[in-house]
Amino acid sequence: MLELKLFLMSRSNLSPIEQATRDNLQWYFPENDPTFVLAVSGGMDSMSLLHAFKQLDVSAVVCHINYQKRGAASENDARLVYQTATEWEFDCHIERADPIEAEGKNFQQWARDFRYKCFRRLVRKHEADGIAVAHHEDDQVETILQKIFRGAGLASWSAMDIWDGELFRPLLDISRAQIEAYVQQNDIPYRTDESNLETDFARNLLRNEWLDKLGNFFPGWKRNVLRIQQQADNYGQALEWIAAKVTKPEGIDRKAFNALEPGLQKAVLLRLLKKYQPDVSISNESLDRVSELANLQTGKVIELTPDISVLRDREYYVIEGSEKSVFNPKTLKREDFAEGSIAIKKMNLSLTNFEHPDYQNALYLDEEKLTWPITVRRWKQGDAFQPFGMQGHQQVADHLTNRKISAAHKKQALVIESFEETICAIIFPPIKNQMQPGTISEQVKCDPETEKCLKITYRI
């Protein structure tokens, strides 16, 4: 159906933005009529994409994040997006963030995490095919430059993809100037975020003080930067070829790997680690431990991250993952407890009346304060929650350290996450003189009015 609609539209005089959106839809979604969660800030870029979706009759649910950082201006942004989206017959969700939660954190990273949690929640709710964002060619250039300036390796200098399986960026080959022309030609309403004119953040510094001036000194420099992604792709293909030469079904051929130059050893191992665990984050200091492999004895390991080690197995190096890296998250609904308790690993969960609690040997979460369904998963770096009895939030990693949980037991720790992706509890093996199997969040604690609870015990 989508292909037919877009074919018929191809006979009309489409703008470059509409043409690019149409072509990318046909290329990446040739056999279905996709639905997207469309991220709209109210700025020129996202309002242009919203208009293009309207013109092409693309199915979308609009989502706007109000960070409440700019008072009335933030409210006006949200109002514009809601009014325009509904007028153009899109379902629109306004999500409000609490900036207090970002205190003491990198605000841009916190804001990004918040908005993508919202987007992904709406994708699940509406069974959408992906998240549509208005990243364009100038954003692409800025992304590559930031990676270079931050010291990322050549293999990381690749640019954003139009479709990466989650994010759909149909305007990546469209320039900012083309977007400005599209807005003027179609009288598209938009608002300017004044904070984007400041230089507090790295991207704004590049955009407002550097990039406009570079054209006077280096004509065509943007095209040259965009070519870097092809060089990065070539480099990645070369690494892939070398990695294939030194690996066998049993593991990494020790003799062939040790024959590589030290710098190439690091690059190849990092390539293999990312194939093993795509979202792995490994420091340069950990990668430097590659030099220890040559003298590693059979049966010994080198730990590169809390999740990944390299084992010497006779004539091979074998990448190993801890239990943490292979645990499959479990999603539980209220009705799943109808037939009794549920066992996950050594943990036992049950919904029961809140009576005669044994706080020394169990955890209790108020059932009504949980947003169902809940998910049990391994904790990951960046996870944070509000521990029972504390006013502020704490990183899960720091909490486990403060509780003197051993490195081995840290890897086994689980978190319980509610539907809105708030961590309600951390579960870990009980330790000496401390029999509680974890820590609950202040937000789900039981009180005198609690009737039913989620009870958690741990089998030692």
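All of the points below concern the structure found in this document. (Residues numbered from 1 in each chain as written. Predicted model: local features only at pLDDT ≥ 70, side-chain atom pairs only at ≥ 80, totals over all residues. Heavy atoms only, no water.)

**Remarks on the environment of tyrosine 190**
No. 1: Along the chain, the position of tyrosine 190 falls in the loop between α7 (176–186) and α8 (202–217).
No. 2: The class for tyrosine 190 is partly exposed, based on a relative accessible area of 36%. (Helix = DSSP H or I, 4+ residues; strand = E, 2+ residues; numbered from the N terminus. Buried < 20%, exposed > 50% of the residue type's maximum accessible area, 1.4 Å probe, protein only.)

**Here's the deal with the pattern of salt bridges**
No. 1: The tally for this structure, following the rule as stated, stands at 21 salt bridges.
No. 2: Across the salt bridge formed by aspartate 45 and arginine 176, the nearest N and O atoms sit 2.4 Å from each other. Taken together, the positions of aspartate 45 in helix α3 (residues 44–56) and arginine 176 in helix α7 put the pair 131 residues apart, joining distant regions of the chain. (Salt bridge = Lys/Arg side-chain N within 4 Å of Asp/Glu carboxyl O.)

**Some thoughts on the sheet that holds strand β8 (residues 301–303)**
No. 1: Read from one edge to the other, the open sheet built from five strands follows the order β6-β7-β10-β9-β8, with strand pairing classed as antiparallel. Pairing within the sheet leaves two strands with one partner each, and these edge strands are β6 (247–248) and β8.
No. 2: Bridging between β8 and strand β9 (residues 308–313) involves three bridges; their strand directions are antiparallel. Within the sheet, the bridge partner assigned to valine 301 lies in β9 and is leucine 311.
No. 3: Each of β6, β7 (251–253), β9 and β10 (316–321) touches helix α11 (residues 262–276); the most contacted strand, β10, lies at about 40 degrees to it. (Pairing = 2+ DSSP bridges. Contact = heavy atoms within 4.5 Å. Axes fitted to C-alpha atoms, helices over the stretch in contact; angles between N-to-C directions.)

**Some remarks on the packing of helix α2 (residues 16–28) against α3**
No. 1: Axis separation between α2 and α3 bottoms out at 10 Å; the angle between their running directions is 65 degrees. By the angle between their directions, the pair α2 and α3 is classed as roughly perpendicular. Here α2 and α3 pass one another in a crossing that is right-handed. The residues of α3 that touch α2, namely those facing Ile17, Glu18, Thr21 and Arg22, are Ser48, Leu49, His51, Ala52, Phe53, Gln55 and Leu56.
No. 2: A per-class count over the contact of α2 with α3 returns five nonpolar, four polar and two charged. (Parallel < 35°, antiparallel > 145°, perpendicular 65-115°, else oblique. Left-handed = near helix turned anticlockwise from the far one by under 90°. Nonpolar A, V, L, I, M, F, W, Y, C, P; charged D, E, K, R; others polar.)

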